[in-house]
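# Examination of the molecular architecture
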Amino acid sequence: MDKLSELIKVRLGSHHLSAASQSSEILFAANKILVSHFPTMPEAAKAYRLEGGKLFVRAENPVMAQELWGVQAQLLKALQSTFGEKAVQKVVLKWFDISPEVD
């Protein structure tokens, strides 16, 4: 009997949904890797979009963005070894200030 994951990939391919599925898998894997690097602050960094081979990762503050800079190459290498070099070609870091505004 085939593995369920293999059957799902075949079905997604037959309905031309494999690109969206792969993007979802890559985002899930990237977020899993980020949580393993920053277990005490799992929401401080999050992969949120994959577009044209570029994986966009947000940091909640500039300090976390600096920390992400250090693991950027490792993240890219891990994703490329799993999904292929064409699937993820670059990791783009973004910093979004999500702190409440002070009046």
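Description of the structure in this document. Predicted model, so just to flag it, every value in this text is computed and none were measured. (Residues numbered from 1 in each chain as written. Predicted model: local features only at pLDDT ≥ 70, side-chain atom pairs only at ≥ 80, totals over all residues. Heavy atoms only, no water.)

## As for the side chain of N31
Checked against the element boundaries, N31 lands in helix α2 (residues 18-37). Take N31: its relative accessible area is 17%, and that puts it in the buried class. With residues up to four places along the chain from it excluded, the contact list for N31 reads K46 and A47. (Helix = DSSP H or I, 4+ residues; strand = E, 2+ residues; numbered from the N terminus. Buried < 20%, exposed > 50% of the residue type's maximum accessible area, 1.4 Å probe, protein only. Contact = heavy atoms within 4.5 Å.)

## Digging into the packing of aromatic side chains
With the rule as written, the count across this model stands at 1 aromatic pair. When the ring of Y48 is compared with that of F56, the centres are 6.2 Å apart and the planes differ by 45 degrees; the resulting orientation is tilted. Classification of F56 as buried rests on a relative accessible area of 9%. Directly above the ring of F56 sits R49, whose terminal nitrogen or CZ lies 4.1 Å from the centroid. (Phe/Tyr/Trp six-rings, centres within 6.5 Å; stacked < 30°, edge-to-face > 60°. Lys NZ or Arg CZ within 6 Å of the ring centre and 35° of its normal.)

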